[in-house]
Amino acid sequence: MIRWNPYTPGYFNNPYVHLKECRELAPIHYGVHNEIMFFKYRDVKTILKSPSFGVTNLSGFFKEKELIILGESACPFLSKGTAKWLMYLNDKEHENTKQLVDSILRQFNFNPVIETAVENCIRANKQNDVIDIVDISTQIPLYVIESFFGIEGMCKLQELKKFSHLLAISQDMFVPKSVYREINAVFSWAFDFFGDLYNKSDAATQSNIVTLLKQADSLKPTDFTNDEIISILIVVFMAALETTKDSMSVILYEILKNPELSDWILNADDTAINVLSEELLRYVSPLQYTVRIANENCVISNQKVNKGDRLFLSLAAANRDPEIFEMPDSIIFNRKYNPHLSFGTGVHSCLGAKIARNEIRNWLKPVTRYLNEYKLDDKAEPVWQKTIFMRGMHSLIATRK
Ligand code: HEM
């Protein structure tokens, strides 16, 4: 009997072989920690949309474990840093926080910023004979985020990649104590950094997330403390950078490997680019899993679920389910029916989906044109992250043709 195991040989290079086996041979089964694993599209979607399930409480988990993880001496930031991470809030607290962040994202005009980000990135890398695809994939969302946060050259690229990556790992499985300590340290840094940004934002000449948050608070006072506001800033920063960088680097890898895909993009009109962007998002599924907790006893596809059970939902396996997607393991450039779950669905669906879509649609053609001058060396292989929940690369080198 097959059982999901992310340490199956080859999993990090290509999780889809193992996910396919799970979906076909044991679409619902108990995992090693007694969580119930779901791999089929219809089950994953039903659970995401159902009010019978809530999200886990990451901040509460850290509060319980902080002393064990960090010891007596360290200042605990794990629980405080994640206190307002929307994907771990339920009911009214979630609704209020989501409303606030959504109203702010709607006010900011992302499109010109995205266009400038693409131009800047290509200009900055034009002369390079050797490029790291992951750096290119970080620079575009990073520029967008810098503008949205009203910061310039906030840190060196490598530091920033590490910061955002560590925050993303805080949600992963099997995280060693030493890594939690590193995450605690970056949270501590982030509280200083974003706190400073918040305090100095009155001097800002242009609107950004911090000034908009302050404005929203002055119009209709929120109950958020300063620390909670900083936790919100941190989650938007992490959610916006990490998933976009991961999806972009895997998409660019596919483009470099597949000249037909590259030609299609270069000749596509706007509609074809939009259709292809959705297909690429389905294919790469940057967030591969999400977790839910049962609020009540119920049954899903004949599986009994008890109140309090922990459910692991594989968005990546659902997005390759042949019951929904024809030829699911291929990129079908003009796939018309594509109800993918890469942005989730239901009350916790991605707040940044519109922004992420606009980013991809904007960079797909110019970046492909730029990459046409580069090739992957015969032996070039991506260095895949050893993360389970988010799939991405540490590095992929391409050289000028
Ligand atoms: C390709 C890029 C992106 C992908 C694939 C992605 C994916 C997702 C997914 C699957 C969820 C739902 C998680 C769940 O149900 O447990 C989510 C939630 C979220 N995303 Fe994204 N995301 C992307 C970009 C962004 C951007 C650019 C932002 C911010 C500007 C953002 C902010 C958020 C937030 C705040 C949530 C939590 C929503 C809630 O819990 O109500 N994401 N994202």
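Preceding this paragraph is the structure being described.
Residues numbered from 1 in each chain as written. Predicted model: local features only at pLDDT ≥ 70, side-chain atom pairs only at ≥ 80, totals over all residues.

Hey, could you run me through the overall build of the protein chain in this one?
Secondary structure assignment for the protein chain yields 15 helices and 12 strands. In terms of overall size, the protein chain behaves like a compact globule, its C-alpha atoms giving a radius of gyration of 21 Å where 401 residues would be expected to give roughly 21 Å. With the principal axes as the frame, the protein chain shows a C-alpha extent of 60 × 55 × 40 Å. By the burial criterion, 39% of the 401 residues in the protein chain qualify as buried. (Helix = DSSP H or I, 4+ residues; strand = E, 2+ residues; numbered from the N terminus. Rg over C-alpha atoms; globule rule 2.2 N^0.38 Å. Buried ≥ 20, exposed ≤ 12 C-beta atoms within 10 Å, placed from the backbone.)

In this structure, what is going on with the site of the ligand? I would like to understand it.
Surrounding the ligand, one finds 24 residues, the nearest of these being A239, T243, G344, C350 and G352. Counting only elements with at least two residues in the shell around the ligand, the list comes to α5 (91-107), α11 (226-257) and α15 (353-371). Broken down by element, the shell around the ligand gets its largest block of residues, 7 residues, from α11. By residue class, the composition of the shell around the ligand is 14 nonpolar, 9 polar and 1 charged. (Near = placed C-beta within 6 Å. Nonpolar A, V, L, I, M, F, W, Y, C, P; charged D, E, K, R; others polar.)

Help me understand the packing of helix α6 (residues 110-125) against α15 in this model?
How two helices sit against one another is set out by the angle between their axes and by the gap between those axes. Axis separation between α6 and α15 bottoms out at 10 Å; the angle between their running directions is 25°. Between α6 and α15, the interaxial angle falls into the category roughly parallel. In the packing of α6 onto α15, the handedness of the crossing is right-handed. From α6, F110, N111, I114, E115, V118 and I122 reach across to α15, where they touch I355, N358, E359, N362, W363, P366, V367 and Y370. Residue composition of the contact of α6 with α15, grouped by class: 9 nonpolar, 3 polar and 2 charged. (Axes fitted to C-alpha atoms, helices over the stretch in contact; angles between N-to-C directions. Parallel < 35°, antiparallel > 145°, perpendicular 65-115°, else oblique. Left-handed = near helix turned anticlockwise from the far one by under 90°. Contact = placed C-beta atoms within 7 Å.)

How should I be thinking about unusual backbone geometry in this particular structure?
The phi angle of most residues is negative, glycine excepted, and most peptide bonds adopt the trans form. Non-glycine residue N34 carries a positive phi angle of around 70°. Examined against the element boundaries, N34 turns out to sit in the loop between β1 (28-30) and β2 (36-38). Overall, N34 belongs to the exposed group, with 8 C-beta atoms counted inside 10 Å. In the Ramachandran plot, D91 falls in the positive-phi region, its phi being about 50° despite a non-glycine side chain. In this structure, D91 sits in helix α5. According to the C-beta neighbour criterion, D91 is exposed, with 10 such atoms within 10 Å.

Would you mind going over helix α3 (residues 58-70) with me for this structure?
Note on helix geometry: an α-helix contains 3.6 residues per turn, so any two residues three or four positions apart are oriented the same way. Remark: the principal bend of α3, roughly 50°, maps to E64. Looking only at α3, the buried set comprises L58, F62 and I69. Downstream of α3 by one or two residues, G71 has phi in the positive range, about 80°. (Bend = angle between axes of the 7 residues up to and from the residue.)

Hey, could you run me through the nonpolar core in this one?
Here is a general trend for soluble globular proteins: nonpolar side chains tend to be buried in one another's company. Core analysis: the biggest nonpolar cluster contains 104 residues, and V44, I209, L233, I234, V236, F237 and L252 have the highest contact counts within it. Beyond its immediate sequence surroundings of up to four residues, F237 is in contact with I145, F149 and S164. (Core = buried A, V, L, I, M, F, W, Y, C linked by C-beta atoms within 7 Å.)

Hey, could you run me through the sheet that holds strand β8 (residues 310-314) in this one?
To summarise the sheet geometry, strands pair through backbone hydrogen bonds and adopt either a parallel or an antiparallel arrangement. Ordered by their spatial adjacency, 5 strands build an open sheet running β1-β2-β8-β5-β3, and the pairing between neighbours is mixed. Here the strands that pair on one side only, and so sit at the sheet edges, are β1 and β3 (53-54). Where β3 lies against strand β5 (residues 289-294), 2 bridges are found, and the strand directions are antiparallel. Within β5, the position partnered with F53 by the bridge is A294. (Pairing = 2+ DSSP bridges.)

Sorry, what's going on with the sheet that holds strand β4 (residues 130-132) here?
What the 3 strands build is an open sheet, ordered β4-β12-β9; its pairing is antiparallel. Of all the strands in the sheet, just β4 and β9 (374-376) have a single pairing partner and so form its edges. If you compare each strand with its neighbour and ignore which way they point, the axes differ by 35° on average. Here β9 runs beside strand β12 (residues 397-400); their pairing, made up of 3 bridges, is antiparallel. Bridge pairing links K375 to T399 in β12.

Help me out: how do you make sense of the environment of D309 in this one?
Looking at the secondary structure, you find D309 in the loop between β7 (303-305) and β8. Ignoring anything within four residues of it in the chain, the contact list for D309 reads I36 and A294.

Looking at this model, I keep getting lost on the environment of K63. Mind explaining?
Following the sequence through the fold, K63 ends up in helix α3. Placed 82 residues apart in sequence, K63 and I145 show a C-alpha to C-alpha distance of 29 Å.

Would you mind showing me how to read α5 here?
If you check α5, its first and last C-alpha atoms are 25 Å apart, about what 17 residues at 1.5 Å a residue would give, namely 24 Å. For α5, the complete set of buried residues consists of T97, L100, V101 and I104. Around the axis of α5, the buried residues are gathered within 85° of arc, so they sit on the same side. Exposed residues lying more than 90 degrees from the buried face of α5 are D91, K92, Q99 and R106. Elements that come into contact with the buried residues of α5 comprise α10 (209-219) and α11. (Expected span 1.5 Å × (residues − 1). Arc of directions from axis to C-beta.)

Hey, could you run me through the pairing of β5 in this one?
Two faces belong to every sheet, and in a regular strand the side chains alternate between them. Where β5 lies against β8, 5 bridges are found, and the strand directions are antiparallel. Across the sheet, I293 pairs through a bridge with R310, a residue of β8.

I'm lost on the pairing of β8 in this one. Help?
As paired elements, β2 and β8 share 3 bridges and run parallel to each other. Looking across to β8, one finds that F38 is bridged to L313.

Please explain the packing of α5 against α10 as it appears in this structure.
Running from N to C, α5 and α10 cross one another at 125°; their axes reach a closest spacing of 10 Å. As summarised for this structure, α5 and α10 are arranged oblique, according to the angle between their axes. Of the two elements, α5 crosses α10, and the hand of that crossing is right-handed. Across the interface between the two elements, L100, S103, I104 and Q107 of α5 pack against I209, L212, L213 and A216 of α10. When its residues are assigned to classes, the contact of α5 with α10 shows 6 nonpolar, 2 polar and no charged.

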